[in-house]
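The residues making up each chain are set out below.
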Amino acid sequence: MTTYDDRASLADLTTTAERVRRSVEGVIEGKPEVVRLSLTVLLAEGHLLIEDVPGVGKTMLAKALARSIDCSVRRIQFTPDLLPSDITGVSVYDQQRHEFEFKPGAIFSQIVIGDEINRASPKTQSALLESLEERQVTVDGHSYELPSPFMVVATQNPVEMEGTYPLPEAQRDRFMARVSIGYPSAEAELRMLGTHGSVSPLDDLQPVAHAHDIVKLVEAVRTVHVADAVQRYAVDLVAATRSHPDLRLGASPRATLHLLRAAKASAALSGREYALPDDLQGLAVPVLAHRLLPTAQAQLNRRTAEQVVLDILQRTPVPAVATQPSEAYFGQRQPGLRRL
């Protein structure tokens, strides 16, 4: 049962999320929706896949988010010759102690930036599967837990680009959301010339939150209430992808869980302690589309996975839910939260 003190702390901690958002937006010009989605994934304990053409700021977004939080950060530059042990670590024999010693790889960090993840071979990409889902790494039969909070922010170029490998379905399914930054507007690009032309804004970026603040934020997001009707709506949306005629692979049960977690984080960022169908609708495309595989006929008709998700949103009945949960759930009335 959520207590009054827990609810008050959630209201206080939204200021931390706002500081992180403003810090990242100071680097990424004119993309507030992309920054908000990145923060939503972080608070929902997920991983973010940023896919777009080169030069639009994919790595810059990942770096800005990482530098805004005072925690351990490692960057992995994915190349065709990168080995799985470079990511997970390796056991090295110590001749003095006559035993093997584990040397942690780059994945042992609170925020991991995977730059151009689809330039590595499928074997190396598979080294991330366990860490993305179970937040641990197993080497030589021993499992090592990863730090908390733990988030992988991976960037990739479209698969049509030269020297890229398509991500396996199992790996795409482990990323909570995929986002495309897109080209900036003319005004934002002019402001970028003024701020990025001489020095990089990352040089002056200082942490505005600590790792333990993010852990508390994650715990607060877990207390967000989701009504039964909203949960059923999430299940209906995901189930519709499995029977849609334009898809040969629908979304998994993991996608349902990710959609619900992201909706709870979005509700908290909007100043609510309860999720609404609107939260699910706003996150359906970034959370579901990258997991879907269109049929050959749909591809010939130029039907994208994003269009299929939008079609499902229009066809799936929206439940009628109360604007806020009953007071019996909280025990007493909840003070209002500030919208980010």
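For clarity, every value in this text was computed on a predicted model and none was experimentally measured.

(A) Structural detail: the overall build of the chain. In terms of regular secondary structure, the chain is built from 15 helices and 13 strands. The buried share among the 340 residues of the chain stands at 51%. Expressed as a percentage of contacts within the chain between residues at least 6 apart in sequence, the contacts between residues at least 24 apart total 80%. Accessible surface, the chain: about 16300 Å² in total, of which carbon and sulfur atoms supply 51%.

(B) Molecular detail of the pattern of salt bridges. Within the structure shown, the criterion is met by 18 salt bridges. We note a salt bridge from Arg303 to Asp246, for which the minimum N-O separation is 3.1 Å. Placement of Arg303 in the loop between α13 (296–300) and α14 (305–315) and of Asp246 in the loop between α10 (228–242) and β12 (247–249) is noted, with a sequence separation of 57 residues between them. Take Asp246: its relative accessible area is 19%, and that puts it in the buried class. Salt bridges sharing partners connect three or more residues here, namely Asp94, Arg97, Glu99, Glu101 and Lys103.

(C) Local environment of the nonpolar core. In terms of nonpolar packing, the biggest core is built from 70 residues, with Val24, Leu43, Leu48, Leu61, Leu259, Leu280 and Leu288 touching the most fellow members. Sorting elements by how many residues they give to this core places helix α11 (residues 253–269) first, with nine residues. In this structure, Leu288 is in contact with Val238, Ala251, Ala255 and Val309, ignoring residues within four places of it in sequence.

(D) Molecular detail of the packing of aromatic side chains. Following the criterion strictly, the structure yields three aromatic pairs and no others. When the ring of Tyr93 is compared with that of Phe100, the centres are 5.2 Å apart and the planes differ by 65°; the resulting orientation is edge-to-face. Residue classification places Tyr93 among the partly exposed positions, given a relative accessible area of 39%. Judged by centre distance (4.0 Å) and plane angle (10°), the rings of Phe102 and Tyr144 are stacked. Placement of Phe102 in strand β5 (residues 99–104) and of Tyr144 in strand β8 (residues 142–145) is noted, with a sequence separation of 42 residues between them. Taking the relative accessible area as the measure of exposure, Phe102 reaches 15% and is therefore buried. Of the residues examined, Tyr144 reaches a relative accessible area of 23% and is grouped as partly exposed. The structure contains a cluster of three or more aromatic residues connected by ring pairs, namely Phe102, Phe108 and Tyr144. The ring of Tyr274 has Arg272 sitting right over it, with the charged end atom 5.9 Å from the ring centre.

(E) Structural view of the side chain of Thr155. Along the chain, the position of Thr155 falls in strand β9 (residues 151–156). Not counting residues within four places of it along the chain, the set of residues in contact with Thr155 comprises Ile50, Lys58, Thr59, Gly114, Asp115, Glu116 and Ile117.

(F) Region of the structure containing the sheet that holds β9. With respect to topology, five strands assemble into an open sheet ordered β3-β6-β9-β1-β10, the strand pairing being parallel. Where the open sheet ends on each side, the last strands, each with one partner, are β3 (73–77) and β10 (177–179). For this sheet the average axis-to-axis angle between neighbouring strands, irrespective of direction, equals 15°. Where β3 and strand β6 (residues 111–115) come together, five bridges link them in parallel fashion. When the bridges of β6 are listed, Arg75 appears paired with Ile113. Against the sheet, helix α2 (residues 32–43) touches β1 (48–51), β9 and β10, its axis set at about 160° to β10.

(G) Looking closely at the pairing of strand β4 (residues 89–94). As defined by bridge partners, β4 adjoins β5 across six bridges and the pair is classed as antiparallel. Paired with Tyr93 across the strands is Phe100, a residue of β5.

(H) Fine view of the environment of Arg178. Relative to the assigned elements, Arg178 resides in strand β10. It is 5.1 Å that separates the C-alpha atoms of Arg178 and Pro286, two residues lying 108 residues apart in sequence. Of note is the side chain of Arg178, whose polar atom sits 2.5 Å from the side chain of Glu306.

(I) Spotlight on α11. Helix length check: α11 (17 residues) gives 25 Å between terminal C-alpha atoms against 24 Å at 1.5 Å per residue, within 8%. Phi turns positive one or two residues past the end of α11, at Gly271, with a value near 85°.

(J) Quick peek at helix α12 (residues 277–288). Between its first and last C-alpha, α12 extends 15 Å over twelve residues, near the 16 Å set by a 1.5 Å rise per residue. Along α12, the residues classified as buried are Pro277, Asp279, Leu280, Leu283, Ala284, Pro286, Val287 and Leu288. Its buried side turned inward, α12 meets α2, β10, α10, α11 and α14.

(K) Inspection of the packing of α12 against α14 at higher detail. Orientation of α12 relative to α14, taken along the N-to-C sense of each, is 150°, at an axis distance of 9 Å. In terms of orientation, α12 lies roughly antiparallel with respect to α14. The two elements α12 and α14 cross, and the hand of that crossing is right-handed. Seen from α12, the contacting residues are Gln281, Ala284, Val285 and Leu288; seen from α14, they are Glu306, Val309, Leu310 and Leu313. Taken together, the residues that form the contact of α12 with α14 break down as six nonpolar, one polar and one charged.

Rules and cut-offs
Residues numbered from 1 in each chain as written. Predicted model: local features only at pLDDT ≥ 70, side-chain atom pairs only at ≥ 80, totals over all residues. Heavy atoms only, no water. Helix = DSSP H or I, 4+ residues; strand = E, 2+ residues; numbered from the N terminus. Buried < 20%, exposed > 50% of the residue type's maximum accessible area, 1.4 Å probe, protein only. Contact = heavy atoms within 4.5 Å. Areas by Shrake-Rupley, 256 points an atom, 1.4 Å probe, with all protein chains shown as cover. Salt bridge = Lys/Arg side-chain N within 4 Å of Asp/Glu carboxyl O. Core = buried A, V, L, I, M, F, W, Y, C linked by side-chain atoms within 4.5 Å. Phe/Tyr/Trp six-rings, centres within 6.5 Å; stacked < 30°, edge-to-face > 60°. Lys NZ or Arg CZ within 6 Å of the ring centre and 35° of its normal. Pairing = 2+ DSSP bridges. Axes fitted to C-alpha atoms, helices over the stretch in contact; angles between N-to-C directions. Polar contact = N/O pair within 3.5 Å; in protein donor to acceptor, adjacent residues only side chain to side chain. Expected span 1.5 Å × (residues − 1). Parallel < 35°, antiparallel > 145°, perpendicular 65-115°, else oblique. Left-handed = near helix turned anticlockwise from the far one by under 90°. Nonpolar A, V, L, I, M, F, W, Y, C, P; charged D, E, K, R; others polar.

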